[in-house]
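Per-entry structural report
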Amino acid sequence: AQTVTQSQPEMSVQEAETVTLSCTYDTSESDYYLFWYKQPPSRQMILVIRQEAYKQQNATENRFSVNFQKAAKSFSLKISDSQLGDAAMYFCAYRTSFSGNTPLVFGKGTRLSVIA
Amino acid sequence: DVKVTQSSRYLVKRTGEKVFLECVQDMDHENMFWYRQDPGLGLRLIYFSYDVKMKEKGDIPEGYSVSREKKERFSLILESASTNQTSMYLCASFGGPVGYTFGSGTRLTVV
């Protein structure tokens, strides 16, 4: 079974600085998807960024980028120019690409605080 | 905007009660999921469904059951609520280019 590990339960960053959240995963598959979700106090899960395993290029969405190291099974999220609105729980998630009905497997989450 | 709606944001029930948590999606998605979220444990899969009347157990199905009589509705049932089922419950659906869409969660307290 696939597992996702987030080793940092809590992180903090100064406003306008850069922070990196770590995620590692374990799988025997070669094709899969990786995700970072943000959950603010409103509880709504928001997709931050997604990476297909077959793509070597790291995904980027505005201030959010990933460092995808397939051989190391590592998928870290970098947030640049941190803003107060970035404060939230962040979850790393994995899904096999085999079929659409397979569920997401989540890590335990990292709570990010942004200091003004 | 596509939506997954969970009927209650907060719910308080007594030990031993039968509890229904309802989830409705308006995207005609075939796949729906129930997760439980606890601090320090992340989101754990309870059950999922890939079609009407079809269901699959997730990682923590004990004490729960589900019902999917219509495509748009996926219900989570606690047959006899216990205090260790106090948690946040998140519903999600999956389909098409939208991918996964989550509801806003139901925070259930069992007293």
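Summarised in this report is the structure supplied together with it.

What follows is about the overall build of chain B. The secondary structure content of chain B amounts to zero helices and 12 strands. The order of α-helices and β-strands along chain B, N terminus first, is β-β-β-β-β-β-β-β-β-β-β-β. Since a compact globule built from 111 residues should have a radius of gyration of about 13 Å, the 13 Å found for chain B is in line with a globular shape. With respect to the three principal axes, the spread of C-alpha positions in chain B is 40 × 25 × 25 Å. Burial status across chain B gives 50% buried among its 111 residues. Long-range pairs, those at least 24 residues apart, make up 54% of the contacts in chain B between residues at least 6 apart in sequence. As displayed, chain B has an accessible area near 5,400 Å², and 49% of this comes from carbon and sulfur atoms.

Membership of the largest hydrophobic core comes to 25 residues, with the highest contact counts inside it found for Tyr25(A), Trp36(A), Phe75(A), Leu77(A) and Tyr90(A). Broken down by secondary-structure element, the contributors of at least two residues to this core are β3 (19-21), β5 (32-39), β6 (46-52), β8 (64-69), β9 (74-79), β10 (88-96) and β12 (110-115) of chain A. It is β10(A) that contributes the most residues to this core, four residues altogether. In this structure, Leu11(B), Ile46(B), Leu76(B) and Val110(B) belong to the second largest nonpolar core, which totals 21 residues.

A few words now on the interface of chain B and chain A. Across the contact, 23 residues belong to chain B and 17 residues belong to chain A. Of all residues in chain B, the largest losses of buried area upon contact with chain A belong to Leu43(B), Tyr100(B) and Phe102(B), amounting jointly to 33% of the total for that side. There are zero salt bridges connecting chain B and chain A. Counting the contacts that link chain B with chain A gives 10 residue pairs in polar contact (both at pLDDT 80 or more). If you list the elements that add at least two residues to the side of chain B that touches chain A, you get β5 (31-38), β6 (42-49), β10 (87-95), β11 (99-102) and β12 (106-110) of chain B. Residues belonging to the side of chain B that touches chain A are distributed by class as follows: 13 nonpolar, eight polar and two charged.

The next thing to look at is the packing of aromatic side chains. Given two aromatic rings, their pairing is described by the distance between the two centres and the angle made by the two planes. As enumerated under the stated definition, the model contains 18 aromatic pairs over all chains in all. Aromatic side chains Phe33(B) and Phe48(B) sit 5.8 Å apart centroid to centroid with 25 degrees between the ring planes, which places their arrangement in the stacked category. Of the two residues, Phe33(B) is situated in strand β5 and Phe48(B) in strand β6; the sequence distance between them amounts to 15 residues. Take Phe33(B) and Phe48(B): they sit in the same class, and that class is buried. In textbook terms, an aromatic cluster arises when at least three aromatic residues are bridged by ring pairs, as seen for Tyr33(A), Phe35(A), Tyr37(A), Phe91(A), Phe106(A), Phe33(B), Tyr35(B), Phe48(B), Phe94(B), Tyr100(B) and Phe102(B). Here Arg43(A) stacks its cationic end above the ring of Tyr10(B), 4.8 Å away from the centre of that ring.

So, on to the environment of Ser8(B). Residues and elements named next belong to chain B. Within the secondary structure, Ser8 sits in the loop between β1 (4-6) and β2 (10-13). Distance in space between the C-alpha atoms of Ser8 and Cys23 is 9.3 Å, their sequence separation being 15 residues. What Ser8 contacts, discounting residues up to four positions off in sequence, is Gly105 and Thr106.

All right, on to the side chain of Lys38(A) then. Residues and elements named next belong to chain A. Within the element layout of this structure, Lys38 appears in strand β5. Here Lys38 occupies a buried position and makes no salt bridge, while the nearest side chain of opposite charge, Asp86, is found at 4.4 Å. Reaching out from Lys38, the side chain makes a polar contact with the backbone oxygen of Gly85 at a distance of 2.7 Å. The residues contacting Lys38, other than those within four sequence positions of it, are Gln44, Met45, Ile46, Val48, Gly85, Asp86, Ala88, Met89 and Tyr90.

For the rest of this paragraph, the subject is the state of the cysteines. Within the structure shown, the criterion is met by two disulfides over all chains. The disulfide partner of Cys23(A) is Cys92(A), and the gap between their sulfur atoms is 2.0 Å. The sign of the -70 degrees torsion about the S-S bond sets the Cys23(A)-Cys92(A) disulfide as left-handed. Separated by 69 residues along the polypeptide, Cys23(A) in the loop between β3 and β4 (24-26) and Cys92(A) in strand β10 bring together distant segments of the chain. The disulfide partner of Cys23(B) is Cys91(B), and the S-S distance across this bridge is 1.9 Å. Its torsion about the S-S bond being -80 degrees, the disulfide of Cys23(B) and Cys91(B) is classed as left-handed.

Moving on to the side chain of Arg36(B). All names here are of chain B. Looking at where Arg36 falls in the secondary structure, it is placed in strand β5. In this structure the side chain of Arg36 is engaged in a polar contact, spanning 2.9 Å, whose partner is the side chain of Tyr64. With residues near it in sequence (within four places) discarded, Arg36 still touches Gly42, Leu43, Arg44, Ile46, Ile60, Tyr64, Asn84, Gln85, Thr86, Ser87, Met88 and Tyr89.

Reading the values: the criteria
Residues numbered from 1 in each chain as written. Chains lettered and ligands numbered in written order. Predicted model: local features only at pLDDT ≥ 70, side-chain atom pairs only at ≥ 80, totals over all residues. Heavy atoms only, no water. Helix = DSSP H or I, 4+ residues; strand = E, 2+ residues; numbered from the N terminus. Rg over C-alpha atoms; globule rule 2.2 N^0.38 Å. Buried < 20%, exposed > 50% of the residue type's maximum accessible area, 1.4 Å probe, protein only. Contact = heavy atoms within 4.5 Å. Areas by Shrake-Rupley, 256 points an atom, 1.4 Å probe, with all protein chains shown as cover. Core = buried A, V, L, I, M, F, W, Y, C linked by side-chain atoms within 4.5 Å. Buried area = accessible area lost by both parts, 1.4 Å probe. Salt bridge = Lys/Arg side-chain N within 4 Å of Asp/Glu carboxyl O. Polar contact = N/O pair within 3.5 Å; in protein donor to acceptor, adjacent residues only side chain to side chain. Nonpolar A, V, L, I, M, F, W, Y, C, P; charged D, E, K, R; others polar. Phe/Tyr/Trp six-rings, centres within 6.5 Å; stacked < 30°, edge-to-face > 60°. Lys NZ or Arg CZ within 6 Å of the ring centre and 35° of its normal. Lys, Arg positive; Asp, Glu negative; His and termini not counted. Disulfide = S-S within 2.5 Å.

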